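# Coordinate analysis (summary)
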Amino acid sequence: MNKTLVTLKEDILFCNRCRCGFCKSGCPAYLTFRIESLNARGVNLLALSLLEGRIPMSRGLAERFFACTSCGFCKEHCPLKVDTIEVVKNVRVSLLESGLAPPSVRDALENIYKYSNPWGEPIERRGNWVKDTEVRKYMLGDDFLYYVGCVGSYDARSMEATKALAEILLKCGLSFGVLGSDEGCDGNEVNLLGERGLFQILAERNIQKFIQLDVKKIVTLCPHAYNAIKNEYPKFGGNFEVMHYTQLLNQLIKHGRLEALKKVKAKVTYHDSCFLGRYNRIYDAPREILKSIPGVKLIEMPRNRENSLCCGGGGANFYTSLLRDGENVPSRLRVREAYKTGAEILAVACPICLIMLEDAVKTEGVDGELAVKDISEILKEAICV
Amino acid sequence: MNRLHEDIGELAEIVGRNNVLTEIYDLLPYARDRYPPLVFPSSLKIPLAVVRPATTDEVKEIVLWANKHKVPLVPRGSGTSFSGSATPTEKSVVVDLSRMNRIIYLDEDALNVKVQAGITVKELEETLNQRGFTFPHDPGSFPSSTIGGGISTNGLGWRVGKYGYLKDLVISLQAVLPNGTIIETRNVPKSSTGLDIKSIFIGTEGTLGVITEATLRIFPKPETITILFYAFADFETAFKALLKIRRAGLSPTIQLVVDKAGIEELIEEKRCPETSEGGLVLVYEGLKEEVEALRKRTVKILAKEGGIYMGEDVGRSFWESRHKMFSLMNKKGTYDSIDTAVPINRSLEFYKFLREWVEKHKDKIKSMGISSWVLPENVSIDVAFDESSPESINAYLKARDEVISKALELGGTSSYCVGIGIRYPHFMRKEHGAAFDVMVAIKRALDPNNIMNPGKLGL
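It is worth spelling out the overall build of chain A at this point. Per the secondary structure count, chain A includes 19 helices and 8 strands. Expected size for 385 residues packed as a compact globule is a radius of gyration near 21 Å; at 20 Å, chain A falls within 12% of this value. With the C-alpha coordinates aligned to their principal axes, the bounding extent of chain A is approximately 60 × 50 × 35 Å. Expressed as a percentage of the 385 residues in chain A, the buried residues total 64%. Of the contacts formed within chain A by residues at least 6 apart in sequence, a portion of 79% connects residues at least 24 apart. Accessible area for chain A stands at about 13900 Å²; split by element, carbon and sulfur atoms hold 48% of it. Charge centroids of chain A, computed over 52 positive and 47 negative side chains, lie 4 Å from each other.

Turning to the interface of chain B and chain A, a few remarks are in order. Taken residue by residue, the interface counts 42 residues in chain B and 34 residues in chain A. Here chain B packs against chain A, burying approximately 3100 Å² in sum over the two surfaces, 57% of which is carbon and sulfur. Taken as a group, Tyr25(B), Pro29(B) and Pro41(B) account for 19% of the area that chain B buries against chain A, more than any other trio of residues on that side. Along the contact surface separating chain B from chain A lie 4 salt bridges. Among the salt bridges present, the one from Arg76(B) reaches Glu36(A), with a minimum N-O distance of 3.8 Å. Between the two partners, chain B and chain A, sit 21 residue pairs in polar contact (both at pLDDT 80 or more). Contributions of two or more residues to the side of chain B that touches chain A are made by α2 (24-27), α4 (121-130) and α12 (325-328) of chain B. Looking at side-chain class alone, the side of chain B that touches chain A contains 13 nonpolar, 16 polar and 13 charged residues.

Summed over the entire model, instances satisfying the criterion amount to 55 salt bridges over all chains. Between Lys162(B) and Glu290(B) there is a salt bridge, with the nearest N and O atoms lying 3.6 Å from each other. With Lys162(B) in helix α6 (residues 160-163) and Glu290(B) in helix α10 (residues 288-304), this residue pair connects regions lying 128 residues apart in the sequence. Among the residues examined, Lys162(B) registers a relative accessible area of 35% and is labelled partly exposed. A relative accessible area of 33% means that Glu290(B) is categorised as partly exposed. One continuous salt-bridge network, built from bridges that share partners, spans Lys24(A), Glu36(A), Arg41(A) and Arg76(B).

Rules used throughout
- Residues numbered from 1 in each chain as written.
- Chains lettered and ligands numbered in written order.
- Predicted model: local features only at pLDDT ≥ 70, side-chain atom pairs only at ≥ 80, totals over all residues.
- Heavy atoms only, no water.
- Helix = DSSP H or I, 4+ residues; strand = E, 2+ residues; numbered from the N terminus.
- Rg over C-alpha atoms; globule rule 2.2 N^0.38 Å.
- Buried < 20%, exposed > 50% of the residue type's maximum accessible area, 1.4 Å probe, protein only.
- Contact = heavy atoms within 4.5 Å.
- Areas by Shrake-Rupley, 256 points an atom, 1.4 Å probe, with all protein chains shown as cover.
- Lys, Arg positive; Asp, Glu negative; His and termini not counted.
- Charge placed at Lys NZ, Arg CZ, Asp CG, Glu CD.
- Buried area = accessible area lost by both parts, 1.4 Å probe.
- Salt bridge = Lys/Arg side-chain N within 4 Å of Asp/Glu carboxyl O.
- Polar contact = N/O pair within 3.5 Å; in protein donor to acceptor, adjacent residues only side chain to side chain.
- Nonpolar A, V, L, I, M, F, W, Y, C, P; charged D, E, K, R; others polar.

Okay, structure coming up:
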């Protein structure tokens, strides 16, 4: 067992002493299958069993550990603040080293290593979304680097949000540029999957590039990228002023540089992304943007802010698909909650949530009644770009 | 495939392959609940399998299967029992009811709700709150424990003073008997037609069958809530003040007396005099005018009794931490709840005994607080012990037995809330006397093959 897991033994022991199970009610993996080995309490018992040598590592065990979306609900609601995300990550390190990771995890990591994206898409296509837009490459002296991330660069649906944000930034006259095909994977999920070596390569490569281009400020489309750059890159010497786009747009609205004039008459409910919310405590900016749009009536789902339910796409599950099937996958549970509020729009601020929830809206058969939109798309509509 | 695997394979025909767990990594987390001495996996007994039914009919088929193969079944809600009532033996199959989590109906006029047993208290309460109702069973394990689990251990929550015990909130039950028969009691609050059959499943820890559905009494969500946290010179003064409150005809939702451990942080924050060694928490909830009137009357009495009010924020913070406070007690060792109760006229004598007991065993036990929890009879102690070796655990368990013996000697009970499980089977005859034979007779009559949670309750 790896050394770091041993250093986490105190956390693991706290959970095994307590076993309150307060982590269960919002655990995406547990709610999907309702199996004890999938929630934090089960995970910590398995981790202690591994440390005791009571159970062997196996492919089946790996499927349990890689199903965790790293959403942070367990840590948020743990009275003892046990860091189960770190425990999971460190068990994953050992599982990867033993060659036991599920094939979808292995493939995604290999693709990221070779092509800097989890699907093995050609690197040169990464910047294709800029065609037909006025967005240009980042230039020395630009105020902001617009960092898009893998999902917003390659997925057709997410690209709409990518473009919407770009158009808003252009409309504001902000000085910014993108890296296009020079952009690399931010590595947030790689880190969570426990592939430390690859994460270091990705982080250092990006940091190097940002430094070369004298990047000072970064705005990200994706909360996952925001999290990696803000909280992980400093460990490798990369210190940049990074903002999620909801923070930047909210600031621009407050300073009068951006105003939503056109009415968007709709009841809207907002889904908190885990990496904006629980990881980085950005709860208000997305809501304030929505409230600034004339005609928008913001309704909260019962589970919101730190209690929000993950869409099921975090921790690489968006592409490893270990939580995609079944009646109770998190995205479908979340769409049911959104639908019950009577909202017409389910607003998100993350390209992964966008796709996960839009797919779930279709599966639930409510696509005529509930539209899933990124905040950038809603705002774009309201400022008449 | 050997015979055992073939038998387990039959379970898959009942609930589907995905709902029968047999891999070691899936079984281990079901090998324990919250019974404190079983901290380390090396001390656990791994069940043969875990089976996860979604309907009462599936439970019935599982019970028939168990009878056919003489395999014991261990019903399990969320595994939050402190007594080990959901811990399996090596040759048993765990019946995990967490998929049975539906609300079957909500009758707003009759003020009742019918649920499957595996729904968690939290899931139920959140749904009811959205509709303007509350189910006032509010245990420390509120976020995770299930309705079925609570009923089967005759559990207790914080809000007893106003709404009554969980057992009083159960209108009717559906259960599968050990021979596979499904029985359902009538959905009326009371009947004068012989033995109250539902009561044989309340507190019997799954030894007489599997509770599958319950109809529960609900209430309108209170308009307001007020929390009064007072400091007193000592536990005894606080306790006597509570008795005064009760004698004045007041019945707060929560009636909690704590010793110094319960107010230590507040002393540090200078909320009360350094000399304070006791505290009293009273909670009222209901209509605004009603709560205000109760509060005023209470404040007057407590001032006369020497209580020092510690401010609204202290009360609010207590209320917000009321579920997690038990988990937090695991920081200085493994937390255990010794949930004894004694007759009110022996309460202070028992409190004194507990203080001496802590002193006597201070080398192996840290007191996390002596309290009279929720109601004055429930004089009990929260402790943290050293779980690091079998010797230290055994020394603690031996010391714990002294508390139980004393509670019984004073005419009390070994558990007001957590249950017997595997922790106090040796005290069952002492506590019940000849009445224990009644339990044994019922068990033998209903479960001749002894397949339902054997070993629990001393049965």
